[in-house]
Amino acid sequence: MLQRPRRNRKSEVIRQMVQETHISPANLIFPLFIVEGKNVKTEVASMPGIYRHSIDNLLREVEACARLGLMSFDLFPNIEESLKDKYATESYRNESLYLRAIREVKKNFPEVCVITDVAMDPYSSDGHDGLVENGEILNDETLGILAKMALAHAQAGADIVAPSDMMDGRVGYIRNALDENKFTNVSIMSYTAKYASAFYGPFRDALDSAPKFGDKKSYQMNPANQREALIEANLDESEGADFLMVKPALVYLDVIKLLKDNTELPVAAYNVSGEYAMLKAAAQRGWLNEQRSTMEVLMSIRRAGATAILTYHAKEVLEKGWL
Ligand code: PBG
């Protein structure tokens, strides 16, 4: 045999020498859930180790993460039912929980990167990402609301706004609104290929944001489709996105690879709540080795082509020294 691939696996030093993929803390983005109150920290039942934090605890959490070298955060609010309405007006009210949280984080830790979620669902009495009329999710009528929301996030200090709503044309619309208001330096991380996935279940528990009727299939993508992701990618790129995101990550590794091969922009991937929950559940039962399976999941997402990974594992892998 002229070629014996095992020679390059014969010792730890050689294995590391030829290792193709690495993960650094700089690649990780930690999603954090925020809730109203003082000194609140309640675990999300379906996401062991993940909490809803009141703003005071959120600041402690950001500080603890920053000490570990974890510097990027994606914030999501749990909004009281009484504040939700058809037009998601709470999303751009100056004293809202979410805008206060952004301001507080950036005031106390100006060096961290704050990513904000732009979509109506946490604030909408319909629980949908867009404006609902007669059971239909309206596209163009939603864009103005998303732009107001993105602008409010920028004014509060967001470094990156991340539209997760899947309305057509929203990246260009938001880019325009930001630029017109002199926020030319605020980036857009677009949820480019966001699928209508069952793996968002635990997240909707965390935010109490499940749709009140129907599903999200008229705006989120069909899990059976790959080529359609290229249509979305081309549009987002032409509308001024700075990052293209694929979501979920683990069950869409082929889509991550496809985008990686077809764009020069950085590709991000969202290792979503259900992907986290299933790994935790198996690990808790002793059915999987938690460290090895977690690292294998993150490595696979990097190997597929993701530059940045949004993952609920971000803090634990640093805390436990798994990186
Ligand atoms: C809301 C949004 C969702 C997630 C991120 N932003 C849920 C949804 O679209 O229903 C899911 C994140 C996760 O499951 O971890 N637009």
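This section reports on the structure supplied with the text. The structure displayed is predicted, hence computed values, not measured ones.

Notes on the side chain of S273
Mapped onto the elements, S273 comes out in helix α9 (residues 273-284). Of note is the side chain of S273, whose polar atom sits 3.0 Å from the backbone nitrogen of F203.

Points about the site of the ligand
K194, R204, K247, S273 and Y312 are the nearest of the 18 residues found near the ligand. The separation between a nitrogen atom of the ligand and a polar side-chain atom of D121 is 3.2 Å. Contact distances for the ligand include 2.7 Å between an oxygen atom and a side-chain N or O atom of R204. For the ligand, whose free accessible area comes to 400 Å², the fraction covered by protein is 100%. For the shell around the ligand, the residue count by class is eight nonpolar, three polar and seven charged.

What about the packing of aromatic side chains?
On inspection of all chains with the given rule, the structure shows nine aromatic pairs. Their ring planes at 90 degrees and their centres at 5.0 Å tell us that F76 and F203 sit as a pair that is edge-to-face. With a gap of 127 residues between them, F76 in strand β4 (residues 72-78) and F203 in helix α6 (residues 201-207) connect regions that are remote in the sequence. Each member of the pair, F76 as well as F203, carries the same accessibility label: buried.

A few points about the nonpolar core
By size, the foremost hydrophobic cluster in this structure holds 101 residues, and its most contacted members are F33, L75, V161, M189, I256 and Y270. With nine residues, the top contributor of residues to this core is helix α4 (residues 140-156).

A few points about helix α3 (residues 97-108)
Between its terminal C-alpha atoms α3 stretches 16 Å, which fits the 16 Å expected from twelve residues at 1.5 Å a residue. Buried residues belonging to α3 abut β1 (28-35), α2 (55-67), β4, β5 (113-118) and α4.

A closer look at the environment of G305
Residue position: G305 is located in the loop between α10 (290-304) and β12 (308-311). Those residues in contact with G305 that sit more than four places away from it in its chain are I256, K260 and V267.

Looking at the pairing of β4
Taken across its seven residues, β4 has seven buried, putting it largely inside the fold. Side chains S72, D74, F76 and N78 project from β4 onto one buried face, and the interleaved F73, L75 and P77 project onto a second face that is buried too. With six bridges joining them, β1 and β4 adopt parallel strand pairing. Along β4, the bridge assignment pairs V35 with N78.

Re the pattern of salt bridges
If you walk through the whole model with that rule in mind, you get 19 salt bridges. For E81, the salt bridge goes to K84, with nearest N and O atoms at 3.3 Å. Given the relative accessible area of 9%, K84 is considered buried. E316 is paired through a salt bridge with K320; the nearest N and O atoms lie 3.0 Å apart. With a relative accessible area of 44%, K320 lands in the partly exposed category. Counted as one network, the salt bridges with shared partners bring together K280, E290, E316 and K320.

Side note on the state of the cysteines
What makes a disulfide is a covalent bond joining the sulfur atoms belonging to two cysteines. If you walk through the whole model with that rule in mind, you get zero disulfides. The thiol sulfur of C65 is not disulfide-bonded, and the nearest other cysteine sulfur, from C113, lies at 13 Å. Note on C65: relative accessible area 0%, which makes it buried.

Remarks on the side chain of K84
Its location among the elements puts K84 in the loop between β4 and α3. Among the polar contacts made by the side chain of K84, one reaches the main-chain carbonyl oxygen of D208 at a distance of 2.9 Å. When sequence neighbours within four positions are dropped, the list of residues in contact with K84 reads I79, P122, Y123, S124, S125, L207 and D208.

Cut-offs used in this document
Residues numbered from 1 in each chain as written. Predicted model: local features only at pLDDT ≥ 70, side-chain atom pairs only at ≥ 80, totals over all residues. Heavy atoms only, no water. Helix = DSSP H or I, 4+ residues; strand = E, 2+ residues; numbered from the N terminus. Polar contact = N/O pair within 3.5 Å; in protein donor to acceptor, adjacent residues only side chain to side chain. Near = heavy atom within 4 Å. Areas by Shrake-Rupley, 256 points an atom, 1.4 Å probe, with all protein chains shown as cover. Nonpolar A, V, L, I, M, F, W, Y, C, P; charged D, E, K, R; others polar. Phe/Tyr/Trp six-rings, centres within 6.5 Å; stacked < 30°, edge-to-face > 60°. Buried < 20%, exposed > 50% of the residue type's maximum accessible area, 1.4 Å probe, protein only. Core = buried A, V, L, I, M, F, W, Y, C linked by side-chain atoms within 4.5 Å. Expected span 1.5 Å × (residues − 1). Contact = heavy atoms within 4.5 Å. Pairing = 2+ DSSP bridges. Salt bridge = Lys/Arg side-chain N within 4 Å of Asp/Glu carboxyl O. Disulfide = S-S within 2.5 Å.

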